[in-house]
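Summary of the model geometry
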Amino acid sequence: MARALIRGRGGAAAGLRAWALVVPLAAFIGVTFVAPLGAMLTRSVHTPVVADALPETLRLLGGWDGSAAPGEPVFRALGQELLAAREARTLGQVANRVNRVEGGLRSVLTRTARRLRTAAPSPEAAPGAGTQPDATRTAGAPAPWRDAILGMDEAWNEVATWRAIERAGERFTGRHYLHALDLDEAPDGAIVAQPEDLRIYLPLLGRTLLVSLAVTALCLALGYPVAYLIARAPPDRAPLLLLLVLVPFWTSLLVRTTSWIVLLQTEGVINDLLVAVGVLDQDGRLAMIYNMTGTMVAMTHVLLPFMVLPLYSVMRTVPPEYMRAAASLGATFPAAFRRVYWPRTLPGVAAGCLLVFILAIGYYITPALVGGRTGQLISNMIAYHMQQSLNWGLAAALGGILLVCVLALYLAFDRLVGVERMRLGA
Amino acid sequence: MGTTLHRAFCAAVFVFLIAPILVIVPLSFNAEPYFTFTEGMLRLDPDAWSLRWYRTVAGDEQWLQAVVNSIVIGVGATVLATTLGVVAALGLADPRMPGRRLAMGLLISPMVTPVIVSAAGMFFFYTSLGLAQTHVGLILAHAALGTPFVVITVTATLSGFDANLLRAAAGLGAGPWVGFRRVQLPIILPGVVSGALFAFATSFDEVVTVLFMGGVEQRTIPRQMWSGVREEISPAILAVATLLILFALFLMGTVEWLRRRGGRPA
């Protein structure tokens, strides 16, 4: 009892010491890695741009009945806040945000702000001449901002425009996730699927999963026999064979992708060779790259070592006597393999497959360089929204979905194999 | 019969693995601006072969700057990742540590998160801290991506370390620091160096965070290759690729040599 207590206390102290050693790195990973993921997830639901730029407009719109364009106070707030946003150089972001809710409004906002700069009514200005009468206008009261802005763009007379501003002004939104799953919010608030021909992301996610599955299967089919060969090779030959797997493993990803461009392109080495030996004629050159074939071939090449190495490290621990014993008991090779060898290599198979699959669904560089138009995966869409369309909220939502997929796989991997058993190299 | 077929199949897979890397090397000596073998090269005409593209790279300010950037960022990230990773691995190697599995899961997570997701998050977060488009930002990012490799290799090495050696050192009067530095560190050094090389290779080959977060000042070698492949395809990138292959062989050779010496698989 006393001894157990002492050992328990010693254990607790040692546990504390162990944690003290782990904490610096855990804190570092927390700040440099986990916090950024948090920032991304926040970005996927948090849309403060319009709310920050047009606070008064949105507050006044809260009391708007939505039946027709609002009255002078709202127009005045909008005009002043658009001018302020233009001054603060945030107008572009505001206009983009509103435009994503309702297409076509970007130019309406920027044009209005530009014209207001030269033609904004002074605070005491009388109503301009020649304004049309309007039911929602308080009879007789001057409405200089309303008249000026309506004169600049007819869109401000539309209820839909104001609705769009109201919706873009929500600080938190699930819209990016709806968008990322090809769903849309109908005007009445119901969530509906996009029409078939407008769906982009779900088919792409499906394609990414399918390609990853195919690449994983290919890697297993190519890698298992190779790992078996290396594991059973005589000790003087095994390291040499292993080098043939390790060289590509260590070679830069960019280098390997460039190699495949050199090999596979229409004027590339393989096509030249096939033409030279007469298999193809000049016009019959194969399109093996800048499409799905290119993506699959290059990805399989890049990921194959990640399959072979864990397989090999498990196979090395399976004693060859087991297969001999099975054979001497009368099992044919396929039976002995299926019932004795294969089950013992399953941890390696699980490790290799999950590793390759996880790496494949997040693949970016290779598809971007050799995938052309048809060989793009979900990662390329994330990069597109990060760098070209600048729709960062949507990029973050797509990233969030990808992260959940990978997290689920990672947990499965941890349960099946255990992350602490992960090995690099041999 | 079965074995012959098996061997032929494996030979084909080995060719698939190695040939694409080997084909780059002779093509980098092409005298013409083509990505394929010219007739002259096949006839082994000396005029068809040249060091032209190596000279182009050596005289190009952008490439030289990229080399400097890659080394500065790579070394910075490696020092950071190795220091933190070794200390953490010492803790993780203690089987009495509560929540060990959880801690390991957290520390390995940068390795299994798709880089595109990490890079997007880092772009948002580091921009808000003013660290985007700085060397420091990229060093931190690459250190985070490299630490799992250090943790994995060093914990694997430590699992073969005999803790009695430390007790013996303590019995002879060595404090914990002296015991670590004089007894434990020399024994686990091969694992530490392997981990550091893995971390360096990770940074040296990383392009996505550089694409998202780096400015013109932070262009690294892979970033430069990326533009080379996408924009102005010239055999100069084949020359760089050949140099990178040699460098990879050097890194791999060192790690394999250390592995043999250390005797423990990592």
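The structure displayed is predicted, hence computed values, not measured ones. (Residues numbered from 1 in each chain as written. Chains lettered and ligands numbered in written order. Predicted model: local features only at pLDDT ≥ 70, side-chain atom pairs only at ≥ 80, totals over all residues.)

**Side note on the overall build of chain B**
The cut-off we apply is this: In this text, helices come from DSSP runs of H or I with a minimum length of four residues, and strands from runs of E with a minimum of two, each type numbered from the N-terminal end. Neighbour density around each residue's C-beta defines its exposure: 20 or more other C-beta atoms within 10 Å make it buried, 12 or fewer make it exposed, and counts between make it partly exposed, where C-beta atoms are placed from the backbone.
Counting its secondary structure elements, chain B contains 12 helices and 0 strands. Beginning at the N terminus, the succession of helices and strands in chain B can be written as α-α-α-α-α-α-α-α-α-α-α-α. Each principal axis of the C-alpha distribution contributes one length, and for chain B these read about 75 × 60 × 35 Å. By residue count, 47% of the 266 residues in chain B fall in the buried class.

**Looking at the packing of helix 18 (residues 378-387) of chain A against helix 19 (residues 392-416) of chain A**
Helix-helix packing is characterised by the crossing angle of the two axes and by the distance between the axes. Residue and element names in this part refer to chain A. Using the following cut-off: Axis definition: a line fitted to C-alpha atoms, limited for helices to the stretch in contact. Angles are taken between N-to-C directions and run from 0 to 180 degrees. Each angle gets one of four labels, with under 35 degrees taken as roughly parallel, over 145 as roughly antiparallel, 65 to 115 as roughly perpendicular, and the rest as oblique. Crossings are assigned a handedness: left-handed for a near helix turned anticlockwise from the far helix by less than a right angle, right-handed for a clockwise turn. By definition, residues are in contact whenever their C-beta atoms, placed on the basis of the backbone, come within 7 Å of each other. Put simply, Ala, Val, Leu, Ile, Met, Phe, Trp, Tyr, Cys and Pro go in the nonpolar bin, Asp, Glu, Lys and Arg in the charged bin, and everything else, Gly too, in the polar bin.
Following both chains from N to C, one finds helix 18 and helix 19 inclined at 155°, their axes separated by 8 Å at the closest point. For the element pair helix 18 / helix 19, the angle class is roughly antiparallel. Helix 19 is crossed by helix 18, and the crossing has left-handed handedness. From helix 18, Ile-378, Met-381, Ile-382, His-385 and Met-386 reach across to helix 19, where they touch Trp-392, Leu-394, Ala-395, Leu-398, Gly-399 and Leu-402. Looking at the contact of helix 18 with helix 19, its residues break down into 9 nonpolar, 2 polar and no charged.

**Notes on the nonpolar core**
General note: in soluble globular proteins, nonpolar side chains tend to be found buried as a group. Put simply, the rule is: One nonpolar core equals one set of buried Ala, Val, Leu, Ile, Met, Phe, Trp, Tyr and Cys residues connected by C-beta atoms within 7 Å.
Ranked by internal contacts, the top residues of the largest apolar core, which has 165 residues, are A:Leu303, A:Val356, A:Ala360, B:Ala120, B:Phe123 and B:Val240. Not counting residues up to four positions away in its chain, the partners in contact with A:Val356 are A:Val215, A:Thr216, A:Cys219, A:Leu303, A:Phe306 and A:Met307. Among the nonpolar cores identified, the runner-up in size contains 31 residues, and A:Val50, A:Ala77, A:Leu82 and A:Ala164 belong to it.

**A word on the confidence of the model for chain B**
Short version of the rule: Known as pLDDT, the predictor's confidence for each residue is given on a scale from 0 to 100.
Residues with a pLDDT of 70 or more make up 97% of chain B, whose mean pLDDT is 89. Model confidence for chain B, summarised as mean pLDDT per element, is weakest for helix 2 (residues 39-42) of chain B at 81 and strongest for helix 4 (residues 61-92) of chain B at 95.

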